[in-house]
Amino acid sequence: MAQVEQFAAPGSEWWRTAVIYQIYPRSFADASGDGIGDLPGITARLDDLHALGVDAIWLSPFMTSPQKDAGYDVADYRDVDPIFGTLADFDEMLAQAHARGIRVIVDLVPNHSSDQHVWFQQALKAAPGSPERARYIFRDGRGENGDLPPNNWESVFGGGQWTRTTNPDGTPGQWYLHIFDPTQPDFDWTNEEVREEFRSILRFWLDRGVDGFRVDVAHGMVKAEGLPDYTPPIEADSMGGGEENVPYWGQDGVHDIYRDWHKLLAEYDGDRALCGEAWLPTLAKTALWVRPGEMHQTFNFPYLMTAWDAEALRGVIRDSLDAFGGVGAPSTWVLSNHDVVRHASRLALTADNPQGEGIGPLSPGKPDQTIGLARGRAATTLMLALPGSSYLYQGEELGLPEAMEIPDEFRQDPTWFRTNGERYGRDGCRVPLPWSAEAPAYGFNTTGASWLPQPAEWAGFARDVEEADAESTLNLYKRLLAERRERGLGGGSLVWEDAGSDAVAFRRGDLHVVANLGETPIELGGNVSFVIQSQRFSGTALPPNTAAWFTRA
Ligand code: NOJ
């Protein structure tokens, strides 16, 4: 018996069904030629994104920053970092995107600022207990001389979460908390001044016309009262959230903040939206982030983390539709972003090398690229047929693999430094995009400079090469996005079908969708008329690592 999954769609807001393309500005397109992508580079490439067929773009941070964590360390929330351009460049990019019907979401980083933020600099100079220190989380150390950190929390990037300050007279001072790098001190969200400042920052960008915000570390802004000790299990997820009751993740207090922001956004026209980056242990908990009056969307990381396994994938899709549908929110779907191994490599990873470590020259069990790409294309073919909103990460439309051979001297991810090279971290998914096979830096710019080296084999993935090849990943994505739009697949409901234990199979109206995650072909039966195949095959037997959209006569 087919089981019908209802997709709750209380309204027709754009974000319920949108395909949102993540731009990582430093690696997208570089107009200035300094080797780091920029806002004018994005503007110059908007036609390519329009041709791809996405509804919106989300830009990772481009605000003023010392770039200790690639811009997730903001020193001025109301200005553009000179490496990316100016506010005028931002306004131009926004206007040009809107002129093409593309909405624009910007990244908001409210959990922490840069240590170069004026508030943190003031806090360092101010006395313990002062209003300047109360904007962050300063505490006295433990032990006789206060030389032990206030608790045992471990940083996501390795090492502890506390760094000790030095008093103006040179003596050791208080400690401050940072879930991430020491250059990223956490704000104290119990402080009304912090809340008011962020309301003002939201208004600053809303007034400029942005369509919404991706909220960084939306699960970490509030800490458990008293900052109790916590020792994570050995296999904790890198961005957190693998466990219940972590005193710095998923605390109930965060919901007040979202309710406040929801009201603020609702004062503006155009269905402005909040999408939370919340790494949480279960979908049921994740759905609390998108209850009515809170965030509009949240990333579906349980889906992203699901291995290439049919039963697991069927389960996470079902649970996602149930959990999000149960609170009247769309599910989101995502396979890649700037923090994880690109899915065209990740889906072929073996147990030797879990994705949280990154992949580098000395990693064991490097994924097979042919299998990875086939699975990556099949996974996206499946994802773009699901009801809800999907996120794409720049370069996945080219089928880019993870860059696995970056020499150590180029690495920039703080994870690499904080773990003394034990974890390669995220540089491998952040390498600048290839636009044209024959140009310097593959057309990323005209000078050939590139902040991370581009693998030689990326010439074969360049956009101009793929544009000319009907079977390329780029043309697959274009077909998927056009059909999805034409058939309104972002809304509506899903009917499960049975195509065997190795398959994920469902129907969307008269469109059948099947992915083969097993090792033998799956016969689809007669009267099949293919609409899209994730890779070309003849006959009606769906090969392993392949997905198809089809109708039956
Ligand atoms: C999540 C971001 O996606 C990641 O890139 C960053 O390092 C951390 N938050 C800290 O801001």
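Residues numbered from 1 in each chain as written. Predicted model: local features only at pLDDT ≥ 70, side-chain atom pairs only at ≥ 80, totals over all residues. Heavy atoms only, no water.

A. Representation of the overall build of the protein chain within the structure. Per the secondary structure count, the protein chain includes 14 helices and 21 strands. Relative to the 2.2 N^0.38 estimate, which gives 24 Å for 553 residues, the radius of gyration of the protein chain is 23 Å and therefore close to what a compact globule would have. For the C-alpha atoms alone, the extent of the protein chain along its principal axes is close to 80 × 55 × 50 Å. A buried classification covers 60% of the 553 residues belonging to the protein chain. Excluding contacts between residues fewer than 6 apart, the proportion of contacts in the protein chain whose partners are at least 24 apart in sequence is 68%. Of the roughly 20,100 Å² of accessible surface on the protein chain, 50% is carried by carbon and sulfur atoms. (Helix = DSSP H or I, 4+ residues; strand = E, 2+ residues; numbered from the N terminus. Rg over C-alpha atoms; globule rule 2.2 N^0.38 Å. Buried < 20%, exposed > 50% of the residue type's maximum accessible area, 1.4 Å probe, protein only. Contact = heavy atoms within 4.5 Å. Areas by Shrake-Rupley, 256 points an atom, 1.4 Å probe, with all protein chains shown as cover.)

B. Representation of the sheet that holds strand S8 (residues 162-166) within the structure. Taken in spatial order, the 3 strands of this open sheet run S7-S9-S8, and their pairing is antiparallel. A single partner strand is all that each edge strand has here, and the edge strands are strand S7 (138-139) and S8. (Pairing = 2+ DSSP bridges.)

C. Structural detail: the environment of Glu519. Counting through the fold element by element, Glu519 comes out in the loop between strand S17 (511-516) and strand S18 (522-523). The class of Glu519 is exposed, set by a relative accessible area of 76%. The contacts of Glu519, once residues within four sequence positions are left out, are Asp502 and Pro544.

D. Quick look at the state of the cysteines. According to the stated counting rule, one finds 0 disulfides in the structure shown. Between Cys275, a cysteine without a disulfide, and Cys429, which holds the nearest cysteine sulfur, the sulfur-to-sulfur distance is 17 Å. (Disulfide = S-S within 2.5 Å.)

E. Summary view of the side chain of Asp339. Mapped onto the secondary structure, Asp339 falls in the loop between strand S13 (332-334) and helix H10 (343-346). Take Asp339: its relative accessible area is 10%, and that puts it in the buried class. For Asp339, the side chain forms a polar contact with the side chain of Arg426, separated by 3.0 Å. Of note is the side chain of Asp339, whose polar atom sits 3.2 Å from the side chain of Arg430. (Polar contact = N/O pair within 3.5 Å; in protein donor to acceptor, adjacent residues only side chain to side chain.)

F. Quick peek at the packing of aromatic side chains. Under the defined criterion, the tally for this structure stands at 31 aromatic pairs. Plain terms: the ring middles of Phe120 and Phe138 are 5.8 Å apart, the flat faces sit at 20° to each other, and that makes the pair stacked. In this pair, Phe120 sits in helix H4 (residues 118-125) while Phe138 sits in strand S7, placing the two residues 18 residues apart along the sequence. Taken individually, Phe120 and Phe138 each receive the classification buried, so the pair is uniform in this respect. Members of the aromatic cluster, connected to one another through ring pairs, are Tyr77, Trp119, Phe120, Tyr136, Phe138, Tyr176, Phe187, Trp189, Phe198 and Trp261. We note Arg135 situated over the ring of Trp119; from NZ or CZ to the ring centre the distance is 4.2 Å. (Phe/Tyr/Trp six-rings, centres within 6.5 Å; stacked < 30°, edge-to-face > 60°. Lys NZ or Arg CZ within 6 Å of the ring centre and 35° of its normal.)

G. Representation of the site of the ligand within the structure. Surveying the vicinity of the ligand reveals 13 residues, the closest of which are Asp69, Asp216, His338, Asp339 and Arg426. In the model, an oxygen atom of the ligand is placed 2.6 Å from a nitrogen or oxygen of the Asp69 side chain. Here Arg214 contributes a side-chain N or O atom positioned 2.9 Å from an oxygen atom of the ligand. Classifying every residue of the shell around the ligand by side-chain character gives 4 nonpolar, 2 polar and 7 charged. (Near = heavy atom within 4 Å. Nonpolar A, V, L, I, M, F, W, Y, C, P; charged D, E, K, R; others polar.)

H. Up close: the domain arrangement of the protein chain. Here the protein chain is partitioned into domain 1 (13-111 + 192-473), domain 2 (118-177) and domain 3 (497-552). On a C-alpha basis, the centres of domain 1 and domain 3 stand 30 Å from each other. Facing 18 residues of domain 1, the contacting portion of domain 3 comprises 18 residues. Summing both partners gives a buried area of about 1,500 Å² for domain 1 against domain 3, and 64% of it is carried by carbon and sulfur. Viewed at the interface, domain 3 and domain 1 are joined by 1 salt bridge. (Domains from an automatic or database assignment. Buried area = accessible area lost by both parts, 1.4 Å probe. Salt bridge = Lys/Arg side-chain N within 4 Å of Asp/Glu carboxyl O.)

I. View of the nonpolar core. Membership of the largest hydrophobic core comes to 136 residues, with the highest contact counts inside it found for Phe213 and Ile317. Per-element tally for this core: the top contributor is helix H9 (residues 310-325), with 7 residues. Excluding residues within four positions of it along the chain, Phe213 makes contact with Ile105, Val106, Leu108, Leu202, Trp205, Leu206, Leu265, Ala273, Leu274 and Cys275. (Core = buried A, V, L, I, M, F, W, Y, C linked by side-chain atoms within 4.5 Å.)

J. Quick look at the sheet that holds strand S11 (residues 273-276). Taken in spatial order, the 8 strands line up as S12-S11-S10-S6-S3-S2-S14-S13 in an open sheet, and their pairing is parallel. The outermost strands of the open sheet, each flanked by one partner alone, are strand S12 (297-298) and S13. By the bridge criterion, 2 bridges tie S11 to S12 in an arrangement that is parallel. Bridge assignment links Cys275 to a residue of S12, and that residue is Gln297. Strands in contact with helix H6 (residues 254-266) are strand S6 (103-108), strand S10 (212-215) and S11; relative to S11, the strand with the most contacts, it is inclined by about 155°. (Axes fitted to C-alpha atoms, helices over the stretch in contact; angles between N-to-C directions.)

K. Structural detail: a negative patch on the surface. A contiguous patch of negative charge, built from Asp309, Glu311, Asp502 and Glu519, is present on the exposed surface. Following the sequence through the fold, Asp502 ends up in the loop between strand S15 (494-496) and strand S16 (503-508). (Patch = residues over 30% accessible without salt bridge, like charges linked within 9 Å, V, L, I, M, F, W, Y side chains within 5 Å. Lys, Arg positive; Asp, Glu negative; His and termini not counted. Charge placed at Lys NZ, Arg CZ, Asp CG, Glu CD.)

L. Structural view of helix H5 (residues 192-208). For H5, built from 17 residues, the straight-helix expectation of 24 Å at 1.5 Å per residue is met to within 8% by its first-to-last C-alpha distance of 25 Å. For H5, every residue scored as buried is listed here: Val194, Arg195, Glu197, Phe198, Arg199, Ile201, Leu202, Trp205 and Leu206. Capping of H5 at its N-terminal end is provided by Asn191; its side-chain oxygen lies 2.8 Å from the backbone amide nitrogen of Glu193. Looking one or two residues past H5, Gly209 carries a phi angle of roughly 110°, positive in sign. (Expected span 1.5 Å × (residues − 1).)

M. Quick peek at unusual backbone geometry. If you check the backbone angles, Ala70 has positive phi at about 50° while not being a glycine. For Asn527, which is not a glycine, the phi torsion comes out positive at approximately 60°. Tracing the backbone shows Asn527 in the loop between S18 and strand S19 (528-533).

N. Seen up close, the pattern of salt bridges. Going through the model one piece at a time under the given rule, you end up with 32 salt bridges. Measuring nitrogen to oxygen at the nearest pair gives 2.7 Å for the salt bridge that ties Asp260 to Arg199. Taken together, the positions of Asp260 in helix H6 and Arg199 in helix H5 put the pair 61 residues apart, joining distant regions of the chain. For Arg199, a relative accessible area of 17% gives the class buried. Between Asp256 and Arg259 there is a salt bridge; the shortest N-O distance is 3.3 Å. Taken together, the residues span about one helical turn, with Asp256 and Arg259 both in helix H6 at a distance of 3 residues. For Asp256, a relative accessible area of 47% translates into the label partly exposed. Note on Arg259: relative accessible area 34%, which makes it partly exposed. Here the salt bridges share partners, and the residues they tie into one network are Asp69, Asp339, Asp413, Arg426 and Arg430.

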